[in-house]
Amino acid sequence: MSLKMWAASCAAAFALSGCAYFEGGDAFSGASEAAPNYAAGSLVAPMLTNSDRAALATAFSLALSDVAESARRSWTGPRASGEVVAERFLVRNIFNDPLRATPGVSGLDLSHALETDLGAYVLKTDANIRLAPSTDGKKTMTLPSGARFTALGRVAQDEWLLVGRDGVAIGYVYEPLAGPAPGRDLVLAGGPTRTPALCREYTQTAVIGADQDLWRGAACRAGDGRWRLAPELVRTDES
């Protein structure tokens, strides 16, 4: 039976006799608490046992926490198996729209609160771009004098700007090396202070018997360090 046929038949029969799955338990292993369902939104989600979910959760966290591009982790449970491929990094909670996110480079330090809505800047001199707002932060590139960028945020009570270029948050620059661009629309003072969130897009595959599903999604790291699915996230390349 195909995944679509199974899901439809299970939904139709649930009220009468119930299916072998229920949200809070594991009919196959007898576990009392369900593991995080990182397959939510896929056709296979209702068919995973709690042990499958636990195996997937481990692979999911390892893949998305890996700083490497296209990090991959496979998982195998008692009934299903699959693979998680972590894709581009996203930065959330730096725009007025809390659901909007912009791509960010790997390893970007997002642990600092930012004054946001700063607008366009231009460099007064050649300047290093760093992954963290400190001279100890890893240098990733040098931008030339006169280069324009979008200041996505200013580190609260500090002099470092989060730089947006070509729709990507690329790192931090020391603010005294830059100034507001001519003709900018926004005033120099920063807007609301927000704490950015690290998110990441992913692709998953899962196999149950002869059936296979492939789906995409996004997740954000919560304050407790765990990843939370973010199906509502609006990805944008405009910064």
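Residues numbered from 1 in each chain as written. Predicted model: local features only at pLDDT ≥ 70, side-chain atom pairs only at ≥ 80, totals over all residues. Heavy atoms only, no water.

A. Here's a closer look at the confidence of the model for the protein chain. When the pLDDT values of the protein chain are averaged, the result is 84; 80% of them are 70 or greater. For the stretch residues 1-32, pLDDT sits under 50, and the model shows 40 contacts to residues farther than four places along the chain or on other chains. (pLDDT = per-residue confidence, 0-100. Contact = heavy atoms within 4.5 Å.)

B. Local environment of the nonpolar core. Of all hydrophobic cores here, the largest spans 24 residues; its most connected members are Ala 39, Leu 48, Leu 56, Phe 60, Leu 64, Trp 75 and Val 84. Among the secondary structure elements, those contributing two or more residues to this core are α2 (50-65), β2 (81-92), β13 (197-208) and β14 (211-221). Considering each element in turn, this core owes the most residues, 7 residues, to α2. The contacts of Trp 75, once residues within four sequence positions are left out, are Leu 48, Asp 52, Ala 55, Leu 56, Ala 59, Ala 80, Ser 81, Gly 82, Glu 83, Val 84, Thr 205 and Ala 206. (Core = buried A, V, L, I, M, F, W, Y, C linked by side-chain atoms within 4.5 Å. Buried < 20%, exposed > 50% of the residue type's maximum accessible area, 1.4 Å probe, protein only. Helix = DSSP H or I, 4+ residues; strand = E, 2+ residues; numbered from the N terminus.)

C. Main features of the state of the cysteines. Under the counting rule described, the total for this entry stands at 1 disulfide. Linked covalently through their sulfurs, Cys 199 and Cys 220 form a disulfide whose S-S length is 2.0 Å. When the S-S torsion is 95 degrees, as for the bridge of Cys 199 with Cys 220, the disulfide is right-handed. With Cys 199 in strand β13 and Cys 220 in strand β14, this residue pair connects regions lying 21 residues apart in the sequence. (Disulfide = S-S within 2.5 Å.)

D. Here's a closer look at the pattern of salt bridges. The final tally for this structure, using the stated rule, is 9 salt bridges. In this structure, Asp 224 and Arg 228 form a salt bridge, with 2.8 Å as the shortest nitrogen-oxygen distance. Within the structure, one salt-bridge network assembled from shared partners comprises Glu 115, Arg 154 and Glu 175. (Salt bridge = Lys/Arg side-chain N within 4 Å of Asp/Glu carboxyl O.)

E. Representation of the packing of aromatic side chains. A full pass over the atoms with the stated rule returns 4 aromatic pairs. With a centroid separation of 5.1 Å and 75 degrees between ring planes, the pair formed by Phe 60 and Tyr 202 is classed as edge-to-face. Of the two residues, Phe 60 is situated in helix α2 and Tyr 202 in strand β13; the sequence distance between them amounts to 142 residues. For the residue pair Phe 60 and Tyr 202, the accessibility class agrees, reading buried in each case. Measuring from centroid to centroid gives 5.5 Å for Trp 160 and Tyr 174, while their planes differ by 55 degrees, and the two rings are tilted. Pair noted here: Trp 160 is in strand β9 (residues 160-165) and Tyr 174 is in strand β10 (residues 168-174), with a separation of 14 residues, a long-range link. Using a relative accessible area of 34% as the deciding quantity, one classes Tyr 174 as partly exposed. Taken together, Tyr 38, Phe 60 and Tyr 202 form an aromatic cluster joined through their ring pairs. Positioned above the aromatic ring of Phe 95, the side-chain terminus of Arg 100 is 3.8 Å from the ring centre. (Phe/Tyr/Trp six-rings, centres within 6.5 Å; stacked < 30°, edge-to-face > 60°. Lys NZ or Arg CZ within 6 Å of the ring centre and 35° of its normal.)

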